[in-house]
Amino acid sequence: MAKSKHPSVFVVTPIFNRKEHTLAFLKTLFENDYPNFTMVIVDDGSTDGSSEAIKAKFPKTTILKGTGSLYWTGCTNLGVDYALKHGADYIITVNNDVELRSSWISELVECAQKNPKALVGSLIYFMNDRKRVWYFGADFNYETGELYHKEDEPKSKRPIESKWLTGMGVLIPAGAFKDVGHYDIEKFPQYFADADFSLRAAKKGYKLLVTPKAVLYNDSKSDSGGKLMAQYKLRAVPKLLFTPYFSDSIKVRKEFYRRYFGEDYKKIYRHYYRHRWAQFYGPYVRHCVRLKLVRIAKWLGVKK
């Protein structure tokens, strides 16, 4: 890619419903001061009028239609293909449940141009607590099997290196997709595709950086898994564990561990789920059962 003052940037965001999130995100996106970017929304079957509202309020947005079953990875790959065909120098992946500072794109590009063979992530704060860091780099805990975010406040304005990158606000040189390939939709249709892509890029010689100058705010309460669990229904547990669209999916997490946790991955994998059951799923199931018994008792007219 020839270095220029304002290289072409394509911002790729998958959506499925949550219209108000998307409109709030686009408002901050189009307030960015960077002069040469294209916004690509990939709408994977929204039924709440998202695409129509986007066209009405933000007509400069490119809207692509998914099949309704692409999830994050398939939608992002679709947006990446569009960007590559239309001359992107850089591609940014970002979710629709965030707000951005006006210098966000400019700061990502500036860092990338100073580090030509690098993926560049953002400093992410909680939206409801804007002084609390949600993500400033990431690492593995090889004993517990956790992929965790570093949450320390930056000590300087210099970029730091990260073990892996979240797909929420990461800038990728277009050439990286030629070197690395696309996101792995077969193994990671929703979660882990972003971390996997960044780790594959690192193997190809790309640095994984996070710049504290590029800031966004994440609405962590909009997480679909968290919303499912908040219903306190027993059926949430097998759904989280046995469908490939949640971060605790047994099949998906096993594949990720196999790739990146070395020869001991099976031991780490088992330890992770034993710990999760003891600390989370076990208490959750017991609480659901208690709630069910209380409802049955009320229906039977049993008093305390």
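## Observations regarding the overall build of the chain
Move 1: Counting its secondary structure elements, the chain contains 10 helices and 12 strands.
Move 2: Projecting the C-alpha coordinates of the chain onto the three principal axes gives extents of approximately 75 × 50 × 40 Å.
Move 3: Per-residue burial for the chain yields a buried fraction of 49% across its 304 residues.
Move 4: Taking contacts inside the chain between residues at least 6 apart in sequence as the whole, the part at least 24 apart equals 73%.
Move 5: Here the chain displays about 15600 Å² of accessible surface, and carbon together with sulfur accounts for 53% of that area.

## Description of the pattern of salt bridges
Move 1: Under the defined criterion, the tally for this structure stands at 12 salt bridges.
Move 2: Between Asp 43 and Lys 65 there is a salt bridge, and its shortest N-O distance comes to 3.9 Å. Here Asp 43, found in strand S2 (residues 37–43), pairs with Lys 65, found in strand S3 (residues 62–65); they are 22 residues apart in sequence, far enough to count as distant.
Move 3: On the basis of relative accessibility, which here comes to 53%, the residue Lys 65 falls in the exposed class.
Move 4: A salt bridge links Arg 253 to Asp 248; its shortest N-O distance comes to 3.6 Å.
Move 5: Connected through shared salt-bridge partners, Asp 184, Asp 196, Arg 200, Glu 255, Arg 258 and Arg 259 make up one network.

## Regarding the environment of Thr 13
Move 1: Locating Thr 13 in the fold gives a position in strand S1 (residues 9–15).
Move 2: Judged by its relative accessible area of 0%, Thr 13 falls in the buried class.
Move 3: In the structure, Thr 13 is positioned 259 residues away from Tyr 272 in sequence and 31 Å away in space, judged by C-alpha atoms.
Move 4: When sequence neighbours within four positions are dropped, the list of residues in contact with Thr 13 reads Phe 25, Met 39, Val 40, Ile 41, Val 42, Val 94, Asn 95 and Asn 96.
Move 5: Polar contacts involving the side chain of Thr 13 include one to the main-chain carbonyl oxygen of Val 94, which spans 3.0 Å.

## Thoughts on the packing of helix H6 (residues 193–203) against helix H9 (residues 250–260)
Move 1: Direction vectors running N to C along H6 and H9 enclose 15°, while the axes themselves pass 12 Å from each other. When the axes of H6 and H9 are compared, the pair comes out roughly parallel. Once H6 is placed against H9, the crossing between them reads as left-handed. Contacts between H6 and H9 pair Ala 195, Asp 196, Leu 199, Arg 200 and Lys 203 from the former with Phe 256, Arg 259 and Tyr 260 from the latter.
Move 2: Class assignment for the residues of the contact of H6 with H9 results in 4 nonpolar, no polar and 4 charged.

## Digging into the side chain of Thr 62
Move 1: With respect to the helices and strands, Thr 62 occurs in strand S3.
Move 2: Beyond its immediate sequence surroundings of up to four residues, Thr 62 is in contact with Thr 38, Met 39, Val 40, Ile 41 and Tyr 82.

## Observations concerning a nonpolar patch on the surface
Move 1: Residues Leu 234, Val 289, Leu 293, Ile 296, Trp 299, Leu 300 and Val 302 make up a contiguous nonpolar surface patch of roughly 730 Å² in combined accessible area.
Move 2: Considering the arrangement of structural elements, one finds Leu 293 in helix H10 (residues 265–300).

## Notes on a positive patch on the surface
Move 1: On the surface, Lys 233, Arg 235, Lys 239, Lys 292 and Arg 295 cluster together into a positively charged patch.
Move 2: Along the chain, Lys 292 falls in helix H10.
Move 3: The exposure class assigned to Lys 292 is partly exposed, which follows from its relative accessible area of 46%.

## Focus: the packing of aromatic side chains
Move 1: Here the structure, examined in full by the defined rule, presents 27 aromatic pairs.
Move 2: Arranged with centres 5.1 Å apart and planes meeting at 35°, the rings of Phe 192 and Phe 256 form a pair that is tilted. Pair noted here: Phe 192 is in the loop between helix H5 (174–180) and H6 and Phe 256 is in helix H9, with a separation of 64 residues, a long-range link.
Move 3: For Phe 192, a relative accessible area of 8% gives the class buried.

## Structural notes on the packing of H9 against H10
Move 1: Where H9 contacts H10, the two axes come as close as 9 Å, and the packing angle between them is 145°. H9 and H10 meet at a crossing whose hand is right-handed. Of the residues in H10, those in contact with Ile 250, Arg 253, Lys 254, Tyr 257 and Arg 258 of H9 are Tyr 265, Ile 268, Tyr 269, Tyr 272 and Tyr 273.
Move 2: The residue inventory of the contact of H9 with H10, partitioned by class, reads 7 nonpolar, no polar and 3 charged.

## Looking at H6
Move 1: Most of H6 is tucked away, with 8 of its 11 residues classed as buried.
Move 2: Among all positions in H6, only Ala 193, Ala 195, Asp 196, Phe 197, Ser 198, Leu 199, Arg 200 and Ala 201 are buried.
Move 3: Downstream of H6 by a residue or two, Gly 205 has a phi angle that is positive, lying close to 100°.

Basis of the calculations
Residues numbered from 1 in each chain as written. Predicted model: local features only at pLDDT ≥ 70, side-chain atom pairs only at ≥ 80, totals over all residues. Heavy atoms only, no water. Helix = DSSP H or I, 4+ residues; strand = E, 2+ residues; numbered from the N terminus. Buried < 20%, exposed > 50% of the residue type's maximum accessible area, 1.4 Å probe, protein only. Contact = heavy atoms within 4.5 Å. Areas by Shrake-Rupley, 256 points an atom, 1.4 Å probe, with all protein chains shown as cover. Salt bridge = Lys/Arg side-chain N within 4 Å of Asp/Glu carboxyl O. Polar contact = N/O pair within 3.5 Å; in protein donor to acceptor, adjacent residues only side chain to side chain. Axes fitted to C-alpha atoms, helices over the stretch in contact; angles between N-to-C directions. Parallel < 35°, antiparallel > 145°, perpendicular 65-115°, else oblique. Left-handed = near helix turned anticlockwise from the far one by under 90°. Nonpolar A, V, L, I, M, F, W, Y, C, P; charged D, E, K, R; others polar. Patch = residues over 30% accessible without salt bridge, like charges linked within 9 Å, V, L, I, M, F, W, Y side chains within 5 Å. Lys, Arg positive; Asp, Glu negative; His and termini not counted. Charge placed at Lys NZ, Arg CZ, Asp CG, Glu CD. Phe/Tyr/Trp six-rings, centres within 6.5 Å; stacked < 30°, edge-to-face > 60°.

Remember, this is a structural readout, not a statement about activity or role.
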